[in-house]
Each structure stands twice: as C-alpha cells, then as structure tokens.
Amino acid sequence: MAEKTRKQINRKMVCIICGILAVIVVLTSLIFAFSKKENSTVLQATKSTVNAINLENNEHMHVEEDASGDKVPVPNGYVGSSVAGENEIDTGYVIYEGEEAVTDSNVADAQKNRNQYVWVPVPDISKFYGTDANGKKWGKIYTFSSSTSSGYDEITGTQPYNWSESNGVMTISSKTNCREPDVVAKYSSTGYDMDSRLKTLGIGAKTTHEFLNQLEKEFNNMVASVEKYGGFYIGRYETGNINQDTPVIQKGNTNISSQTWYNMYKRCKNIKGANTNVETGMIWGNQWDRTLMWLIETGSKTKEQIADDSTSWGNYYNATFEYVNSSGSTATKNEGSSTRIPTGSAEYTKANNIYDLVGNVRDWTMEAYITYYRVYRGGGYNYSGDNDPADNRYSYTPTGSICYCGCRSALYIK
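Residues numbered from 1 in each chain as written. Predicted model: local features only at pLDDT ≥ 70, side-chain atom pairs only at ≥ 80, totals over all residues. Heavy atoms only, no water.

*Asks:* Could you give an account of the sheet that holds strand β23 (residues 405-407), with specific residues and numbers?
*Replies:* Read across the sheet, four strands follow the order β22-β21-β20-β23 without closing on themselves; strand pairing throughout is mixed. Looking at which strands have only one partner, the edges of the open sheet turn out to be β22 (393-396) and β23. On average, adjacent strands in this sheet sit at an angle of 55 degrees to one another, irrespective of strand direction. Pairing of strand β20 (residues 362-369) with strand β21 (residues 373-377), which is carried by four bridges, proceeds in the antiparallel orientation. Its bridge partner lying in β21, Tyr369 is registered against Tyr373. On top of the sheet, helix α5 (residues 261-268) reaches β20, β21 and β23; it is set at about 100 degrees to β20, its chief contact. Helix α6 (residues 285-297) contacts β20, β21 and β22 of the sheet and is inclined by roughly 20 degrees relative to β21. (Pairing = 2+ DSSP bridges. Helix = DSSP H or I, 4+ residues; strand = E, 2+ residues; numbered from the N terminus. Axes fitted to C-alpha atoms, helices over the stretch in contact; angles between N-to-C directions. Contact = heavy atoms within 4.5 Å.)

*Asks:* Report on the nonpolar core, specifying residues and quantitative values.
*Replies:* Here is a general trend for soluble globular proteins: nonpolar side chains tend to be buried in one another's company. Judged by nonpolar contacts, the single largest core of 97 residues is most densely connected at Phe211 and Tyr233. For this core, the element with the highest residue contribution is helix α4 (residues 208-229), accounting for seven residues. The residues contacting Tyr233, other than those within four sequence positions of it, are Val72, Pro73, Val74, Pro75, Ile95, Tyr117, Val118, Trp119, Ala410, Leu411 and Ile413. (Core = buried A, V, L, I, M, F, W, Y, C linked by side-chain atoms within 4.5 Å. Buried < 20%, exposed > 50% of the residue type's maximum accessible area, 1.4 Å probe, protein only.)

*Asks:* Can you explain the packing of aromatic side chains? Please cite residues and give values.
*Replies:* Scanning the model with the defined rule gives 17 aromatic pairs in all. Here Tyr383 and Tyr404 contribute two aromatic rings whose centre-to-centre distance is 6.2 Å and whose plane-to-plane angle is 70 degrees, an arrangement assigned as edge-to-face. Placement of Tyr383 in the loop between β21 and β22 and of Tyr404 in the loop between β22 and β23 is noted, with a sequence separation of 21 residues between them. An aromatic cluster of three or more residues is present, and its members are Phe211, Trp261, Tyr262 and Tyr265. (Phe/Tyr/Trp six-rings, centres within 6.5 Å; stacked < 30°, edge-to-face > 60°.)

*Asks:* Can you break down the sheet that holds strand β5 (residues 116-121) residue by residue, with the values?
*Replies:* Reading across the sheet, the six strands line up as β3-β4-β5-β14-β24-β15 and stay open at both edges, with antiparallel pairing between neighbours. Only two strands of the sheet have a single partner each, and these edge strands are β3 (78-80) and β15 (278-282). Averaged over all neighbouring strand pairs, the angle between strand axes comes to 30 degrees, with direction disregarded. Two strands pair when backbone bridges link them, and β15 and strand β24 (residues 409-413) are joined in this way by five bridges, in the antiparallel orientation.

*Asks:* I'd like a description of the side chain of Asp193, backed by residues and values.
*Replies:* You can see Asp193 is positioned in the loop between β13 (190-191) and α3 (195-201). With residues up to four places along the chain from it excluded, the contact list for Asp193 reads Val183, Val184, Ala185, Leu198, Thr208, Phe211, Tyr262 and Arg374.

*Asks:* Describe a negative patch on the surface, with residues and values.
*Replies:* Taken together, the side chains of Glu304, Asp308, Asp309 and Asp386 define an acidic patch exposed on the protein surface. Along the polypeptide, Asp386 turns up in the loop between β21 and β22. (Patch = residues over 30% accessible without salt bridge, like charges linked within 9 Å, V, L, I, M, F, W, Y side chains within 5 Å. Areas by Shrake-Rupley, 256 points an atom, 1.4 Å probe, with all protein chains shown as cover. Salt bridge = Lys/Arg side-chain N within 4 Å of Asp/Glu carboxyl O. Lys, Arg positive; Asp, Glu negative; His and termini not counted. Charge placed at Lys NZ, Arg CZ, Asp CG, Glu CD.)

*Asks:* Any chance you could break down the pairing of strand β14 (residues 231-235) for me, citing the residues and the numbers?
*Replies:* Looking down a regular strand, the side chains alternate between one sheet face and the other. The element β14 is extensively covered by neighbouring structure, given that five of its five residues are classed as buried. In β14, alternate side chains face the same way, and those of Gly231, Tyr233 and Gly235 on one face and Phe232 and Ile234 on the other are all buried. The pairing of β5 with β14 spans five bridges and is antiparallel. Looking at β14, one finds that Val118 is bridged to Ile234. Two elements, β14 and β24, share two bridges in a ladder whose sense is antiparallel. The residue bridging Ile234 from the neighbouring strand is Ala410, located in β24.

*Asks:* Go over the side chain of Thr280, please, and point to the residues and values.
*Replies:* Note on placement: Thr280 falls in strand β15. Side-chain polar atoms of Thr280 contact the backbone oxygen of Cys268, separated by 2.8 Å. A distance of 3.2 Å separates a polar side-chain atom of Thr280 from the backbone nitrogen of Lys272. (Polar contact = N/O pair within 3.5 Å; in protein donor to acceptor, adjacent residues only side chain to side chain.)

*Asks:* Break down the environment of Gln244 for me, citing the residues and quoting the values.
*Replies:* Summarising the element assignment, Gln244 is placed in the loop between β14 and α5. Residue classification places Gln244 among the partly exposed positions, given a relative accessible area of 39%. As a C-alpha pair, Gln244 and Asn263 span 19 residues in sequence and 9.4 Å in three-dimensional space.

*Asks:* Go over unusual backbone geometry with me, naming the residues and quoting the values.
*Replies:* Note that the residue after Glu180, namely Pro181, is joined by a cis bond; omega there is -5 degrees. Mapping Pro181 onto the fold places it in the loop between β11 (169-172) and β12 (186-187). Despite not being glycine, Asn241 has its phi angle at roughly 50 degrees, a positive value. Mapped onto the elements of the fold, Asn241 is located in the loop between β14 and α5.

Below, the structure is given as structure tokens:
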C-alpha cells in the first residue's frame with residue numbers, strides 16, 4: 001500500500017513538474033513572440049516612413065527594389081546586389097561600385113575588388129539631428145543600455161548623450177563633451193585644429209574658423225541627403241588601403257590601421273573617385289548610433305549585444321571563430337589571443353551584411369571630444385567584448401596613429 005502511495009505521489013510530482021515546464025515554455029514563447037512582434041512593428045513603421053518618401057530617378061540616383069519589393073535609392077555608378085542574402089533592406093541591402101551586375105557567379109570577385117556599402121534607413125530624421133537656438137545643426141548621438149528603465153527607449157535602449165531638446169530647439173549640454181560637428185582646437189600649448197597645423201595638412205581649410213565652417217557644411221549636406229532619400233550608406237568593411245590617397249572598402253584588406261585622424265578624414269573623401277553623384281567620408285557619430293539602432297530594430301542584435309557584451313559577433317581578445325587569413329587559408333582565432341584579421345574575413349563578425357563593426361580595429365569617427373580629442377568606436381581586437389562593446393566611445397588626439405585603430409567610411413547621395 002505504501003509503495004502504491006509513493007508511486008501515486010511520484011506520478012503527481014511528475015505531472016506538476018511537467019505542468020510547470022509547460023508554463024515556462026508557453027511564457028518563453030509568448031515573450032519571444034512579443035519581442036518578434038515588437039521588432040516587426042518597428043520594421044513596418046520604418047518601411048512605411050521611408051517608403052513615404054517619393055523616391056524617383058534623378059540625375060544622381062536610380063530606384064531599385066529589394067527582394068521584398070521595397071524601394072532603395074541607389075546612386076548612379078553603383079548597382080544593388082542580385083545575390084540572395086545581399087538584396088533585402090532588413091538584412092542589409094548591399095551596393096557595389098560599378099555598373100556590372102553582381103550575381104552568384106561573380107560575387108566572390110566583386111567583394112574583393114569593388115567598393116561596397118550597406119543601406120541604413122533613417123525613418124525619423126528628428127532623432128538624427130537637431131537645430132540649436134542659433135540655427136546650427138548638431139548630430140544627435142546616444143548612449144545604449146540593456147536597462148528597462150523608463151529613461152531609455154523601450155526598443156533600442158537609447159537615451160540622448162550630451163544633448164536635450166525642448167520645443168524643437170536642441171541644446172548641447174557641454175561644449176567639451178562628445179559633440180558634432182565641431183573642431184578640437186587646442187590642449188595646453190599643443191595645437192590640433194589650429195591655424196599653424198591646418199596650413200600643413202592639405203585638408204581644405206587653413207584656419208580654425210574655416211575648418212569649423214567646412215565641417216558644418218559637410219554635416220549639413222549629409223543630413224540633407226538623409227532627409228531627402230530616407231537613409232545613408234555605411235561602409236560594408238573597415239576602410240582598407242588607408243596609407244594610400246584613395247582607400248578602398250573591399251573584403252580581405254589588411255591595410256586597415258595606424259593612421260592619424262587627419263589622414264583618414266582627408267582620404268575617405270577620395271573613395272568616391274570620379275563619381276560626382278555621391279560624397280564619401282569618415283562616418284559621423286550619429287550615423288554610427290543610427291546603425292546600431294537599426295541592428296536592434298531588425299532583430300539582428302539585441303540590446304545586450306550592443307551595450308553589454310559584443311563578444312558574440314566581434315573579433316575580441318575573448319572570442320574564438322574561424323576566418324580566412326591573408327594567405328587565403330582558413331584559420332582559427334583562439335580565445336585569449338589578440339589577432340587582427342583581414343576585414344570581412346569572418347562570417348562571425350557580420351551583422352546585416354556589415355563586417356567588423358565591433359572588434360578588430362576601432363574606427364575613427366567625426367565626433368569631437370573635449371578640445372583635443374576625436375572619438376573612435378566599435379571596440380578593438382586587443383580588448384574583451386564585455387569591456388569594449390559596440391556602443392563604447394574612446395578618444396585620442398587626432399595626430400595619433402594606433403595599431404588597433406582604423407576607420408569606418410560612409411556614403412551619401414547628392
């Protein structure tokens with residue numbers, strides 16, 4: 001009798017445990033479904049807003065359709081990829097420089113020999129830049145967090161960094177904190193964006209005042225394009241051949257670090273070559289942050305993978321994955337090792353068709369910090385992904401050249 005009672009109790013316990021597990025499974029499914037629905041709602045809103053822009057062919061661009069039939073503005077002199085996995089806005093719509101179609105048969109060669117960019121939609125221009133009381137436009141940059149606090153955006157985990165806005169007027173909280181566009185004029189007796197240095201750099205402006213005007217004009221032209229076309233293009237790979245006057249954005253390049261901010265600022269403008277339909281340049285901070293938001297909105301990455309730990313998708317000291325080395329052989333990057341890899345050489349580091357946005361080399365941006373630093377983003381191969389995630393900001397003097405610091409380029413249509 002006692003044995004029978006024990007068996008009945010055991011059966012009841014099994015049933016209870018199964019019931020609890022079933023509830024857990026249901027709750028997990030509901031949470032996942034809600035998250036998926038939430039992201040889907042964001043994507044639909046993004047698409048409807050961007051598609052509301054009346055895209056029509058003009059002298060600088062032509063309209064193509066992605067795999068879902070959504071319109072994409074493609075600059076003349078470039079073609080949208082016809083390769084599955086490269087032709088969908090939500091997973092990274094890739095364009096290639098040149099007019100020859102990119103198909104399954106020639107994609108491997110095109111990736112190594114033609115400059116490439118990925119389209120980043122900007123559905124709400126009011127989150128991208130603002131205008132202060134004097135009429136100057138400023139980039140809206142953000143901090144990211146996995147927190148569910150009411151102070152952070154529910155979807156992207158963002159909140160304004162060093163700016164606020166009231167009644168449509170934007171205010172920079174501190175003119176010595178991160179901001180753009182701005183000059184970094186001086187530190188003690190050392191001059192950076194000062195007349196004496198600018199005269200020798202060949203970057204256009206020869207005085208601090210001229211350089212500020214130049215940066216503001218470049219920023220204003222960029223945001224006008226984003227507003228007109230509904231987005232911008234980010235370099236698919238870290239900028240290569242960066243010790244040359246005309247760098248490239250091509251797979252497998254190893255010449256991706258150890259240049260000053262001034263060199264990269266100047267050279268990134270040359271990537272466009274003779275194409276008069278576009279402008280290329282070093283990425284702005286608000287473009288970087290918008291790209292991270294887009295990765296979250298599309299479900300490509302979570303808030304935790306952006307703000308807390310980017311090890312799972314970047315070449316960091318504490319990551320391990322396979323990649324193609326400079327000799328063309330498959331190699332293993334071992335955990336606990338600092339290895340700079342050729343850009344775009346590991347699928348592990350891809351997010352919406354953008355490679356090495358985190359890890360590998362840190363990327364110079366246009367952001368200014370204090371009165372003598374420029375900001376670089378994205379983490380480095382000699383750091384761990386939990387200490388140096390995608391949203392982190394680091395800074396250095398613009399005259400410095402560092403082995404773990406390179407550049408990310410961007411393109412906009414005129």
